[in-house]
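Residue-level listing of the chains:
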Amino acid sequence: MEKKVLVMTGGGTAGHVLPCLALLPFLKSFFTEIHFIGSNSGYEKKLVGDSAIYHGIDAVKLSRGGKNILKAFGVPFKLAKAKRQAAALLRQIRPDAIFSKGGYVALPVVLAAKKHPHIFMHESDMTLGLANRLSRRRCKYLFTSFDTIESDDAIHTGAPIRQSIYYGSREDAVKKYGLGARRPCLLVVGGSSGAKAINDVVLGCLNELCARFDVLHITGEKLATGTERAGYKAIGYTDKIEDCYALADFVLSRGGSGALFELMALKKPTLIVPLPKGASRGDQIDNAEYFCKRGAALVLKQEQMTAGSLLSSLDKLIASKAALKDGMSSLGRIDGTRKIAQIIIDDCK
């Protein structure tokens with residue numbers, strides 16, 4: 001078999017790494033050697049593990065707001081250094097294809113690849129992130145989760161989704177967390193780093209929540225609550241999110257694209273509290289509104305979130321369960337994992 005080499009890159013958040021890992025099972029039948037270029041911080045390396053051959057570069061976070069002028073001034077110099085490091089790795093690896101999931105870690109890799117004929121990129125959100133905007137011209141195809149980016153090089157595929165989410169065990173989760181055996185379970189999840197604003201309001205109305213649900217609360221590793229009570233379980237992080245999904249009858253979630261597409265694929269009635277603009281570029285608000293307008297989810301803005309409004313929104317979520325499942329069923333392409341992998345393989349044959 002002819003040796004075929006793939007380089008994957010992405011980082012900054014788990015949302016830039018986990019989709020790459022989702023694609024791997026479908027790409028390994030064609031690519032005999034797979035490398036991952038991430039940052040030297042160790043965050044991406046921890047997620048990738050032994051799934052690919054890992055290489056680190058001194059990636060620099062891109063500045064949007066210019067709040068720290070001195071820090072922003074140093075970005076071009078640090079980016080140039082990261083680009084040189086990436087170029088050296090690419091000369092060594094000699095990949096047949098490069099797949100970028102975006103984030104500031106991926107930018108120097110794509111820039112270093114110059115005129116490589118097989119560079120592919122995926123955008124999770126409704127609009128292109130900064131790193132993807134800067135690297136788009138180098139890519140042959142732009143895969144998109146949403147159907148909102150239209151151009152000759154854009155292919156609406158849906159999202160790369162970890163296939164393990166379809167095989168969660170509710171029974172295992174009931175045993176592990178002691179929840180969901182007799183009452184509906186509400187899963188609260190704020191993304192890979194947690195969400196303090198959501199955590200605070202949830203804890204502020206925990207008595208009322210536990211009167212309605214058993215509550216499984218993924219707080220984020222650095223935001224542990226220390227709260228213990230019947231019908232409530234807080235965990236910092238889990239590597240078995242599929243079991244948590246299987247346990248959940250309802251979900252309270254941030255608006256990150258990766259999590260939302262997983263929840264839509266599983267048809268979980270979801271109340272989205274997107275990260276507000278200013279704390280992000282507004283992508284989570286766009287993501288949430290997209291699914292809300294299609295009758296597939298409910299939205300509660302963080303600035304309007306109080307104990308009262310949260311409880312009221314969750315009551316509406318319960319009442320809307322059937323309609324939301326219908327809305328999710330009518331969505332177009334959600335799981336694009338196989339389609340993305342097949343296009344990459346066909347293009348490299």
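Keep in mind that what you see is a predicted model, and the values were worked out from it rather than measured. (Residues numbered from 1 in each chain as written. Predicted model: local features only at pLDDT ≥ 70, side-chain atom pairs only at ≥ 80, totals over all residues. Heavy atoms only, no water.)

Brief notes about the pattern of salt bridges
When their charged atoms lie close together, side chains carrying opposite charge are able to pair. Rules: What makes a salt bridge here is a side-chain nitrogen of Lys or Arg within 4 Å of a carboxyl oxygen of Asp or Glu, nothing more. Every helix listed is a DSSP run of H or I at least four residues long, and every strand listed is a run of E at least two residues long, numbered separately from the N terminus. Here the term buried applies to any residue with accessible area under 20% of the maximum for its type, exposed to any over 50%, and partly exposed to those in between, with areas from a 1.4 Å probe on protein chains only.
According to the stated counting rule, one finds 16 salt bridges in the structure shown. The shortest N-O distance in the salt bridge between Arg-162 and Glu-262 comes to 2.8 Å. One end of the pair, Arg-162, is in the loop between strand 7 (154-156) and helix 7 (170-177); the other, Glu-262, is in helix 11 (residues 257-266), and 100 residues separate them in sequence. Looking at Arg-162, the relative accessible area reads 23%, which means it is partly exposed. Asp-315 serves as the salt-bridge partner of Arg-212, at 2.8 Å between the closest nitrogen and oxygen.

Observations regarding the packing of aromatic side chains
Quick note on the threshold: Working definition: rings of Phe, Tyr and Trp (its six-membered ring) pair if their centres are within 6.5 Å, and the pair is stacked with planes under 30 degrees apart, edge-to-face with planes over 60 apart, and tilted otherwise. Two conditions define a charge sitting above a ring: the NZ of Lys or the CZ of Arg must be within 6 Å of the ring centre, and it must be within 35 degrees of the ring normal.
Overall, the coordinates contain 10 aromatic pairs when judged by the stated rule. Centroid distance Phe-30 to Phe-31: 5.0 Å. Interplanar angle 85°. Geometry classified as edge-to-face. Where Phe-36 meets Tyr-54, the ring centres are 6.0 Å apart and the plane angle is 10°; that geometry is what we call stacked. Of this pair, Phe-36 sits in strand 2 (residues 33-39) while Tyr-54 sits in strand 3 (residues 53-57); the two residues are 18 residues apart in sequence, bridging distant segments of the chain. A relative accessible area of 17% places Tyr-54 in the buried class. One aromatic cluster is present, formed by Phe-146, Phe-261, Tyr-290 and Phe-291 through successive ring pairs. Directly above the ring of Tyr-290 sits Arg-294, whose terminal nitrogen or CZ lies 3.6 Å from the centroid.

Regarding helix 5 (residues 106-113)
Of all the 8 residues making up helix 5, 8 are buried; the element is thus mostly covered by neighbouring parts of the structure. Along helix 5, the residues classified as buried are Ala-106, Leu-107, Pro-108, Val-109, Val-110, Leu-111, Ala-112 and Ala-113. Phi turns positive, to about 55°, at Lys-114, one or two residues after helix 5.

A few points about the side chain of Ser-39
Inclusion rule: Whenever a nitrogen or oxygen atom comes within 3.5 Å of another N or O atom, the pair is scored as a polar contact, on the condition that within protein one atom can donate a hydrogen and the other can accept it, and that pairs from neighbouring residues in sequence are kept only if both atoms are in side chains. Only heavy atoms matter for contacts: two residues are in contact if any of them lie within 4.5 Å across the pair.
Among the structural elements, Ser-39 can be located in strand 2. Under the relative-accessibility criterion, Ser-39 is labelled buried at 6%. There is a polar contact of 2.4 Å between the side chain of Ser-39 and the side chain of Glu-44. Ignoring sequence-local partners within four residues, the contact set of Ser-39 consists of Glu-44, Tyr-54, Gly-56, Ile-57, Ala-59 and Val-105.

Comments concerning helix 11
Where burial is concerned, most of helix 11 is hidden: 7 out of the 10 residues are buried. The complete set of buried residues in helix 11 reads Ser-257, Leu-260, Phe-261, Glu-262, Leu-263, Met-264 and Ala-265. For helix 11, the secondary structure elements touched by its buried residues are helix 10 (241-247), strand 11 (250-253), strand 12 (270-272), helix 12 (283-293) and helix 14 (321-329). Lys-267, located one to two residues past helix 11, shows a positive phi value of around 60°.

Some details on the sheet that holds strand 13 (residues 298-299)
Operational definition: The pairing criterion is simple: DSSP has to find at least two bridges between the two strands. For helices, the axis comes from a line fit to the C-alpha atoms of the stretch in contact; other axes are also lines fit to C-alpha atoms, and the angle between any two N-to-C directions lies between 0 and 180 degrees.
One open sheet holds the 6 strands; their spatial order is 10-9-8-11-12-13, and the pairing between them is parallel. The outermost strands of the open sheet, each flanked by one partner alone, are strand 10 (232-235) and strand 13. Summarising the sheet, strand 9 (residues 214-218) and strand 10 pair through 4 bridges and their orientation is parallel. Note on strand 10: the bridge partner recorded for Val-215 is Tyr-232. Helix-sheet contacts for helix 11 involve strand 11 and strand 12, and the interaxial angle to strand 11 is about 170°.

Brief notes about the sheet that holds strand 4 (residues 97-100)
With respect to topology, 7 strands assemble into an open sheet ordered 3-2-1-4-5-6-7, the strand pairing being parallel. Either end of the sheet is taken by a strand with one partner, and the two such strands are strand 3 and strand 7. Between one strand and the next, the sheet's axes are offset by a mean angle of 25°, whatever the strand orientation. Here 3 bridges tie strand 4 to strand 5 (residues 119-123), and the two strands are oriented parallel to one another. Across the sheet, residue Phe-99 finds its bridge partner in strand 5, namely Phe-120. Running over the sheet, helix 4 (residues 75-93) touches strand 1 (5-9), strand 2, strand 3 and strand 4 and is turned about 155° from strand 3. Sheet strands in contact with helix 15 (residues 337-348) are strand 4, strand 5, strand 6 (141-144) and strand 7, and its direction is about 170° off that of strand 6.

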